[in-house]
Structure formats: structure tokens, C-alpha cells
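This is what each chain is made of:
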Amino acid sequence: MRRRRFLAWSAGALAASGAGAVAYGFGVEPSWLSVTRQDVLMSNLPPALDGLRVAFLADIHYRPDDDAALLDAVVATVRAENPDIVALGGDYILGKDPAGLEPMLKKLSGLTAKHGVYAVIGNHDGWTLPGDTIAKAFARHGIECLINQHTILNLKGEAFAVAGTDFVWGGHPDLGRTFRGLRQRVPTLALVHEPDYFDHVVQARDSVLQLSGHSHGGQCRVPVIGYRPRAVRWGRKYVYGPFTQRKAGLWVTRGLGTTGIRVRFACRPELALLTLRPR
Ligand SMILES: [Fe+2]
């Protein structure tokens, strides 16, 4: 009798915790911003630029009715941090619906950085609108969208490049064009939406620091062991965090938004505040 009561109690507790986890995953976590602060190594970074700060966010997949407060929190945090550079890693659009782009850009126009705000486009953006249409929309809000090109900044008398490719999954990334004329010794931040393209990037330029999103860090993970049931094309090998190959580095963010059902579990929306250190 005692055993039967124990089993009934256990089943009830399990059902309650399961329901709680579901309610949390749908109702709480997708709106609960986390801020990650991390030092990241970068090849060729001169001593004068040791400590350069980059705010990095990706995968907004903006839903105006649900994500306004989250994006407001991101913008307010970035403004308070006053980083040197803001980098946007693509996938602004939800599904293939461009309706969220303009309201999102109004919010992103509040982002500030000492040396500019730079963006690349992701697969959802490229599947929905032509790249130059997106780039022009970003430019109207003071954000430079880099599609197979780079720009060179002069920071404390040192050259520092910010590069961006076209989206990879169905797009036309061209690393030859992206890095054309850029001397190897210039420290280069490469924005590439899909992280698994890192294996190609390091072939073209071995001393780059690539920033990527796309994987959503798995979006839903099993706590403690970190297992993720779903993996996305071009985001299977490098899912979250720092990676190294030769002299090159990669940093992958969990991103902010969601695709499909608006649910996250053990994988909170992330704003990354990266401090660059010489490798
Ligand atoms: Fe993506």
C-alpha cells in the first residue's frame, strides 16, 4: 500500500515538474535575456587594441508582439556598455515574413558604439528579400551591412578590419571578394551567419576571428549534459561558444529569438559582450 502511494506521488510530482518545465520553456525563457561576458583571443591584435570590446547579437527573428521588451533590454544594455563595435549576426526575419524588419530596425537604430554598428544577413533574411534591399534598409538606420566585403577602421592608429559574407545556406558567400586587398596581418573580425562555414573561412584566411549565430545554441537543450535534440544545416559542428583552428578563432552565440514554435529551454536568449585579447 505504501509502495503504491509512493508510486502515485512520484508520478504526480513528475507530471507537475513536466508541466512546469513546459510552461517555463514557452512562457519564461524566450523573453529572459542573458548577458555573456567573455574574453576572446584574436590573432594579430596589436597591444594598443588589447581589450577592444565587441557587443554581438544574432538571430533576432523579430516577432513585434512578443519580442519588443527583449529587444529593448538588449539595446539598453548595449548603450550602457558603450562598446567599441556592435556586430549583428543575421536572421532578423521570422520565417519568410519581412513584416518585422522595419519595426526591428527602429529599435536597433538605438544601438550605439564608438566605432560603428555592422551587420551580415542570415539565411532567413536572404530567403525573403534581396541582400541589397536589406542593406539599404539597415543603412537608413545607421547600420552598415557587409555582404562579401570588408571595411577597415583606424583604431588608435592601428588598422582593424570588419568583414561580412553573404549568407551561406542558399546564398553566395565569396571569401575572395570578402577579403580582397586585405593584408594578412590586419586583425579581421569576420561576420558569417552560419558557423560551420568556419572550415572554409580558415582556408581563405588563417588569422581571422569569426562571429556566428544560426544554431540558436540548439534552442532547447537537456540541462546539465547540454544535449540538443535538433541540429540545423551549417550549424551542426560549431553549436555554441569558442572554437579554434590554427590561428583562427570562432565564437558562436545562442542568439536571441526563435524559429518555429517560440520556445527555449536551458538555452536563454543571449547578448554577448566580447573583450578581444591578443592570441
Ligand atoms: Fe539562420
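Residues numbered from 1 in each chain as written. Predicted model: local features only at pLDDT ≥ 70, side-chain atom pairs only at ≥ 80, totals over all residues. Heavy atoms only, no water.

Participant: Explanation requested: empty space enclosed by the protein in the structure shown.
Facilitator: To find the voids left in a structure, one rolls a probe of water-molecule size over its atoms. Evaluation of the coordinates by the stated rule reveals one cavity of 30 Å³ or more. Computed from the structure, the largest cavity encloses a volume of approximately 40 Å³. Residue composition of the lining of the largest cavity, by class: five nonpolar, one polar and one charged. (1 Å grid on protein atoms, 1.4 Å probe; cavity = no way out; pocket = protein on both sides within 12 Å on 5 of 7 lines; lining within 4 Å. Points joined across faces, edges and corners; volume = space filled by probe spheres on them. Nonpolar A, V, L, I, M, F, W, Y, C, P; charged D, E, K, R; others polar.)

Participant: Sorry, what's going on with the coordination of the iron ion here?
Facilitator: For a metal with four tetrahedral donors the ideal donor-metal-donor angle is 109.5 degrees, while six octahedral donors give ideal angles of 90 or 180 degrees. Coordination of the iron ion by the protein involves Asp91 (OD), Asn123 (OD1), His193 (NE2) and His214 (ND1), with metal-donor separations of 2.1 to 2.2 Å. Within one chain, the residues donating to the iron ion are spaced in sequence as D-x31-N-x69-H-x20-H. Residue asparagine 123 is located in helix H4 (residues 123-128), and its partner histidine 214 is located in the loop between strand S9 (208-212) and strand S10 (241-245); the two are separated by 91 residues in the primary sequence. (Donors = N, O, S within 2.8 Å, 3.2 Å for Na, K, Ca; no water. Helix = DSSP H or I, 4+ residues; strand = E, 2+ residues; numbered from the N terminus.)

Participant: Would you mind going over a nonpolar patch on the surface with me for this structure?
Facilitator: Nonpolar side chains collect at one region of the surface, where Val222, Val224, Ile225 and Tyr227 lie side by side and expose about 470 Å² of accessible area between them. Within the fold, isoleucine 225 resides in the loop between S9 and S10. (Patch = residues over 30% accessible without salt bridge, like charges linked within 9 Å, V, L, I, M, F, W, Y side chains within 5 Å. Areas by Shrake-Rupley, 256 points an atom, 1.4 Å probe, with all protein chains shown as cover. Salt bridge = Lys/Arg side-chain N within 4 Å of Asp/Glu carboxyl O.)

Participant: Would you mind showing me how to read the environment of alanine 76 here?
Facilitator: For alanine 76, the location among the structural elements is in helix H2 (residues 64-81). The spatial distance from the C-alpha of alanine 76 to the C-alpha of threonine 112 is 9.7 Å, given a sequence separation of 36 residues.

Participant: Would you explain the pairing of strand S7 (residues 158-164) in this entry?
Facilitator: Moving residue by residue along a regular strand, the side chains alternate between the two faces of the sheet. In terms of residue burial, S7 counts as a mostly covered element, since five of its seven residues are buried. As judged from the seven bridges shared by strand S6 (residues 149-155) and S7, these two strands associate in the antiparallel manner. Pairing of histidine 150 across the sheet is with alanine 163, part of S7. Taken together, S6 and the strand that follows it, S7, pair antiparallel across an intervening segment of two residues, in which lysine 156 is found at a positive phi of about 50°. Sheet topology places S7 next to strand S8 (residues 188-191); four bridges connect them, and they run parallel. Considered in S8, the bridge of glycine 164 is made with leucine 191. (Buried < 20%, exposed > 50% of the residue type's maximum accessible area, 1.4 Å probe, protein only. Pairing = 2+ DSSP bridges.)

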